[in-house]
Amino acid sequence: GCTVADTSRAGEGFPDLVCGYRGKNYLLEVKDGRKQPSKQKLTPAQVVFHGDWKGQIATVKNLEEALEVVCTL
């Protein structure tokens, strides 16, 4: 039930996905949960973006986590 825009190529730390659901937008940074935790860390640019962003943003590792963010906020 979500609309999803792939923004992974936007650069400068911008999150991978912008999701719309029930009139709200959600920014999601996607990390591969199959990789070692050290390989799932935010890049320096992502850390800056997340720190500066004044709205909602979340890091997720799988579809279930993404749905949890979108359906509970």
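Whatever comes next refers back to the structure up there.
Described below are features of the structure shown in this document. (Residues numbered from 1 in each chain as written. Predicted model: local features only at pLDDT ≥ 70, side-chain atom pairs only at ≥ 80, totals over all residues. Heavy atoms only, no water.)

## Re the sheet that holds strand S3 (residues 24-30)
Sheets are built from strands paired through backbone hydrogen bonds, the pairs being either parallel or antiparallel.
Logical step 1: The strand order S1-S2-S3-S4 describes an open sheet built from four strands, whose pairing is mixed. For this open sheet the edge positions go to strand S1 (3-6) and strand S4 (58-60), each flanked by a neighbour on one side alone. Across this sheet, the average inter-strand angle for adjacent strands is 30°, counted without regard to direction.
Logical step 2: Across three bridges, S3 lies against S4 in parallel orientation. Looking across to S4, one finds that Glu29 is bridged to Thr59. (Pairing = 2+ DSSP bridges. Helix = DSSP H or I, 4+ residues; strand = E, 2+ residues; numbered from the N terminus. Axes fitted to C-alpha atoms, helices over the stretch in contact; angles between N-to-C directions.)

## Structural notes on the packing of aromatic side chains
Logical step 1: Tallied over the entire structure, the rule returns two aromatic pairs.
Logical step 2: Ring geometry for Phe14 versus Phe49: centroids 5.3 Å apart, planes at 70°, classification edge-to-face. Of the two residues, Phe14 is situated in the loop between S1 and strand S2 (17-21) and Phe49 in helix H1 (residues 44-52); the sequence distance between them amounts to 35 residues.
Logical step 3: Owing to a relative accessible area of 25%, Phe14 belongs among the partly exposed residues under this scheme. (Phe/Tyr/Trp six-rings, centres within 6.5 Å; stacked < 30°, edge-to-face > 60°. Buried < 20%, exposed > 50% of the residue type's maximum accessible area, 1.4 Å probe, protein only.)

## Quick word on the side chain of Asp16
Logical step 1: In this fold, Asp16 is placed in the loop between S1 and S2.
Logical step 2: Of the side chains with opposite charge, Lys31 comes closest to the buried, unpaired Asp16, at an N-O distance of 5.9 Å.
Logical step 3: Here the side chain of Asp16 touches Val30 through a polar contact of 2.9 Å, landing on its backbone nitrogen. (Lys, Arg positive; Asp, Glu negative; His and termini not counted. Salt bridge = Lys/Arg side-chain N within 4 Å of Asp/Glu carboxyl O. Polar contact = N/O pair within 3.5 Å; in protein donor to acceptor, adjacent residues only side chain to side chain.)

## A look at helix H2 (residues 63-72)
Logical step 1: When H2 is considered as a whole, its buried residues turn out to be Ala66, Val69 and Val70. For H2, the angular spread of buried residues about the axis comes to 90°, placing them on one side. Along H2, exposed side chains directed more than 90 degrees from the buried face belong to Glu64, Glu68 and Thr72.
Logical step 2: Those residues of H2 hidden inside the fold are in contact with S2, S3 and S4.
Logical step 3: The backbone nitrogen of Glu64 lies 3.1 Å from a side-chain oxygen of the residue at the head of H2, namely Asn62. (Arc of directions from axis to C-beta. Contact = heavy atoms within 4.5 Å.)

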